[in-house]
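# Structural overview for review
The chain contents come next:
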Amino acid sequence: MTKEFQDIIETFEFLDDWEDRYRHVIELGKDMPALDDAFRVDATKVDGCASQVWIVPRIEGKGADGVFTFTGESDAMIVRGLIAILSALDNGQTLQQVLDTDAAGAFAQLGLNQHLSAQRSNGLRAMIARIQSVAKHGIVANS
């Protein structure tokens with residue numbers, strides 16, 4: 001687990017009210033840099049999300065030890081926040097660590113799985129699946 005994700009866990013533990021947590025997720029999204037319009041293309045768009053979501057992955061290195069990072073964007077503020085949390089969870093990890101991470105379990109640890117609409121939950125699963133797919137293909141392609 002990254003330091004950034006651990007910080008999010010600690011903040012969520014400090015915030016008692018779900019409304020405050022929801023606002024914090026939105027703030028995390030607002031703090032993310034905007035994605036360049038050149039990356040808002042079909043190849044980076046995540047299918048299965050009710051809102052528009054783009055994830056642009058980068059892999060440095062080869063095989064399972066390649067380091068994964070990504071940038072992302074959404075037209076929905078709460079989804080931008082979910083992308084920011086995914087970024088905190090996975091950015092800087094090796095491809096193998098990304099594959100070994102239980103992202104759904106990490107979001108459950110934050111209590112987000114209980115407070116997202118069905119559409120947002122489906123979108124989150126689609127984003128996690130895209131990241132896992134990129135990591136898996138990155139290991140195979142760069143071995």
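Description of the structure in this document. (Residues numbered from 1 in each chain as written. Predicted model: local features only at pLDDT ≥ 70, side-chain atom pairs only at ≥ 80, totals over all residues. Heavy atoms only, no water.)

## Topic: the nonpolar core
Put simply, the rule is: For the purposes of this section, nonpolar cores are sets of buried Ala, Val, Leu, Ile, Met, Phe, Trp, Tyr and Cys residues that join through side-chain atoms within 4.5 Å. Working definition: with a 1.4 Å probe on protein chains only, accessible area under 20% of the residue-type maximum means buried, over 50% means exposed, and in between means partly exposed. Secondary structure counts use DSSP, requiring at least four H or I residues in a row for a helix and at least two E residues in a row for a strand, with both numbered from the N terminus. Here a residue-residue contact requires only that any non-hydrogen atoms of the pair lie within 4.5 Å.
F5, V53, I85, L86, L110, L112 and M127 are the most contacted members of the largest nonpolar core, which has 41 residues in total. Listing elements by their share of this core, those giving two or more residues are α1 (3-14), α2 (18-30), β1 (53-60), β2 (67-74), α3 (77-90), α4 (95-100), α5 (103-109) and α6 (118-141). If you tally residues by element for this core, the top one is α3, at nine residues. When residues no more than four places from it in sequence are discounted, the contact partners of I85 are F5, I8, V25, L28, F107, L110 and L112.

## Examining the pattern of salt bridges
Where we set the bar: Salt bridges, as used here, are contacts in which a Lys or Arg side-chain nitrogen is within 4 Å of a carboxyl oxygen on Asp or Glu.
According to the stated counting rule, one finds seven salt bridges in the structure shown. Of the charged contacts in the structure, one is a salt bridge between R23 and D20, with a shortest N-O distance of 2.5 Å. Linking R23 with D20, this pair stays in helix α2, spanning three residues, or about one helical turn. What you see here is one network of salt bridges that share partners, running through D37, R40, E73 and R80.

## A few points about the sheet that holds β1
Worth spelling out the cut-off: By definition, two strands form a pair when at least two bridges between them are found by DSSP.
Across the sheet, three strands lie side by side as β1-β2-β3; this open sheet has antiparallel pairing. The open sheet has two edge strands with one neighbour each: β1 and β3 (93-94). Pairing geometry for β2 and β3, over two bridges, is antiparallel. Paired with V67 across the strands is T94, a residue of β3.

Everything listed here is a matter of coordinates, which is why it stays silent on function.
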